[in-house]
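Structural overview
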Amino acid sequence: MKYLIFALLSLNAWCSFSQKPCDRSVTGRILDIDTNEPLSYATVKIQNSDIGAIADDSGFFEITGICEDEIDLEVRFLGYKKVVHHHDFHHPSPVIYMASEETLLESVVVEEELNAHELKTLDPKDIDIDVSESLGTTAGELLSKASGVYTLRTGQNVVKPVVHGLHSNRVLIINNGVRHSYQAWGSEHAPEIDPSQIERIQLIKGASTVRYGPDALGGVILFNAPTPSYNTKFGGDISTGFQTNGRAYSAEFTTQAGYERNAWMISVNGTKQGDLHAPNYQLTNTGKREIGYSAATRHHFSWIDIDLYFSHFEQELGILRGSVNGNLDDFANAIGAEVPNETRPFSYEIRTPRQETIHDLFKIKTAIFLGDQQFDLQYAFQQNKRREFDIRRGTNNDRPAINLSLNTHTIDFDWDHPSSGNWAGTVGLQFFSQNNDNLPGTNTIPFVPNYNNTNIGMFAVESYSTNKTTYEAGIRFDFLNMNVRGRDSSNDVYRDDLNYQNFTFTTGFIHKFSDRVSLRSNIGTAWRAPNINELYSFGKHQNIIEYGLWRYELFPANDSISTSGVLTQDLKEVKSERGIKWINTLRIQGDAVSAEFTPYINWIENYFFIRPYGLTNTVRGTFPYFIHDQTNAFYTGLDIDISKTWGEDLTGEFKLSYVYARDVSNNQSFVGIPPLNLQIELVRTLGNFTILLNPSWTARQTHQPPVISAGTIAESEQIQFDRSGTFDFLPAPDAFFLMNSSVKYQKNRFTAKLSGENLFNTSYRRYTDQSRYFADDLGINIKVFLSYSF
């Protein structure tokens, strides 16, 4: 008997010892998805138990004494849709946005990661994108409503974002967590990102090379796609849109479902657009065709999360016919014409010149949780195909003048080490490999050679927090190898193997003077190696002839130039761009008024730019030609964002953006620097209606280089170019005022939106639009959008 009693006592002790301690807790907030207001006294409980809590006046709740590693939270509030959320303790602070039973929106749960990967002192700006804004537009245009962001256009369909005056290879684009790989070297090459697959944009205006890698001298743009949600019933959205300018129509279909540990989402969309029009004439050959589709899945286990994503996006874009000219005389006449050359009646047909692009992205991401540590591993493959058709003679008109295939592999590994007291941080390793090939059949010498890029980067970021101040510092090392294979003008093969390496750093702080006033300051270095076109470009591309730094040689003694050979680093030294950017943000938050002031300074050494150098004779006539060069550049500017609330149904926002840039080495201005821009947004909510009024004013750019008209060049047998600097063919366009507006109606599962752009049908030209030499920008445009959720 005593042995039995001893055995029972031992078993009881072992069971007590082996039981999981009930010392876990979960905290979070409950908010209204429409107003962001806290839902006081909402109830939260763990399903199939009596454990729960009630939210306080600020929507905050806390549940303690939890034994399990994973739980299902059930959230209820009178008049709102019930929320069931599967929660694990790798995501300790869920924010639960509840949707009213009368709205078509579904409730959303946002979970904060155990450790954030972003640089805190760079203050990323979040821009939420509604499908009524993204359907039928471009990724670059979606960013234009943010202060400090402009657009660089080549024609009406090719739109690239400009951040604090910098674009292309100086602004890094992260598409759904993957560094976007495309032919970024051309100003007429827009990022091939499906705008309808963008749910949220994060804009980082500081130098972010430490976290994201080379090329982030101006900033980083993160395009985030919608993700499938767990515990979501089967449903979706059907959307369609039409716009009068271009007679464009678009459609999108999205469906998804989520379960306790798995979720999926599928989406498909398409757009067809004809010739656009300016206020007083048609813009011939500016149509476009787009089709895109994507699929995403999520899988959750106790110690690992796995996300899979695939997207396909293809475009056919027409280029304004009047922007392509046979020779210098045609170019001079085109600039002076009241109506662009070759203007024809409206058509959906896309002729030469045109572009065809296809971009595929596959991504697999895993998050591994080991105690209070998190390891993220991501692999992505991208394939980018680009064909450009120029106006050529005979059967060559149907052949692409440029036919490129770019394959990219990326691997990202991040380790969020356990927080220690006030310290937290991330260590990462990144691998980036590109293979770019010219495909045969163009009947031209390739504009850029074939090349392989391999980049390996390592970084570490640490932060230290006190009651009122957070300090942050980071360091990164990159090694880049570029292997080049091409043919010169004599069709002889040349090869190069180039290596670049660089250390970069960032440091900054966030200080709260009070609950209403805070200051962020960050200073960081950035760099980028020369791009392939800056070294090796050769010949005609779109409207100009250009030569890379290693495709020409200057002879100052007799003021001549040779483009017959290919130089190397031994013959002409080319240095990497290196920059340092200091950005500060003062934020003031009042009861009804809030304001942000963001001044910045950016110094870039060995700055690559392209400038006119002379005239060259071809079988098609005489053309001005351009050469790539390097200088030192200085950028500075200011962003202001002021918001005002009048009651619960009327808000307003004022935005100002100004940038000043200077070629320090040559003491002159650059072409295409964005001028001062002012925007106002007034939003009024009346029941189910939301009314938006958006006037904007863009100043004339007063800081511009000297002007030499194309007519002057055409009439002169020997024009004297300023061979140390640059010039422009036209003065900067006049200031202009635009009025945009929209009315949105939302009831249950149905949404309708009517919007208008350039409602006064103003004739204007943007200084950052390369088509300003040939045509006005777009005239009035009325858009209609309809959506139904099921």
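Details of the structure are given in the entry above.
Quick notes on the sheet that holds strand β3 (residues 52-54)
Pairing in this open sheet of four strands is antiparallel, and the strands run β3-β2-β5-β6 from one edge to the other. Both edges of this open sheet fall to β3 and β6 (83-88), since each of them pairs with a single strand only. Adjacent strand axes in the sheet meet at a mean angle of 20°, parallel and antiparallel pairs treated alike. Where strand β2 (residues 43-46) meets β3, three bridges bridge the pair, whose relative direction is antiparallel. Among the inter-strand pairings, Lys-45 is bridged to a residue of β3, identified as Gly-52.

Thoughts on the pattern of salt bridges
Scanning all chains against the criterion turns up 25 salt bridges. Among the ionic pairs, Arg-344 bridges to Glu-342, the shortest N-O distance being 3.6 Å. Residue classification places Glu-342 among the partly exposed positions, given a relative accessible area of 39%. For the salt bridge of Glu-534 with Arg-528, the shortest nitrogen-to-oxygen distance reads 2.6 Å. In this structure Arg-528 comes out as buried when scored by relative accessible area, which is 1%. One network of salt bridges, with partners in common, ties together Arg-170, Arg-528, Glu-534 and Glu-577.

Section: the pairing of strand β41 (residues 736-747)
With 10 bridges joining them, strand β40 (residues 689-698) and β41 adopt antiparallel strand pairing. By the bridge assignment, Leu-693 is partnered in β41 with Ser-741. As paired elements, β41 and strand β42 (residues 750-757) share seven bridges and run antiparallel to each other. By the bridge assignment for β42, Lys-747 is matched with Phe-750.

Side note on the nonpolar core
With 35 residues, the main nonpolar core has Ile-198, Ile-201, Ile-221, Phe-223, Tyr-607, Tyr-635 and Phe-670 as its most contacted residues. When residues of this core are assigned to their parent elements, the largest contribution, four residues, is made by strand β36 (residues 593-618).

Criteria and thresholds
Residues numbered from 1 in each chain as written. Predicted model: local features only at pLDDT ≥ 70, side-chain atom pairs only at ≥ 80, totals over all residues. Heavy atoms only, no water. Pairing = 2+ DSSP bridges. Helix = DSSP H or I, 4+ residues; strand = E, 2+ residues; numbered from the N terminus. Axes fitted to C-alpha atoms, helices over the stretch in contact; angles between N-to-C directions. Salt bridge = Lys/Arg side-chain N within 4 Å of Asp/Glu carboxyl O. Buried < 20%, exposed > 50% of the residue type's maximum accessible area, 1.4 Å probe, protein only. Core = buried A, V, L, I, M, F, W, Y, C linked by side-chain atoms within 4.5 Å.

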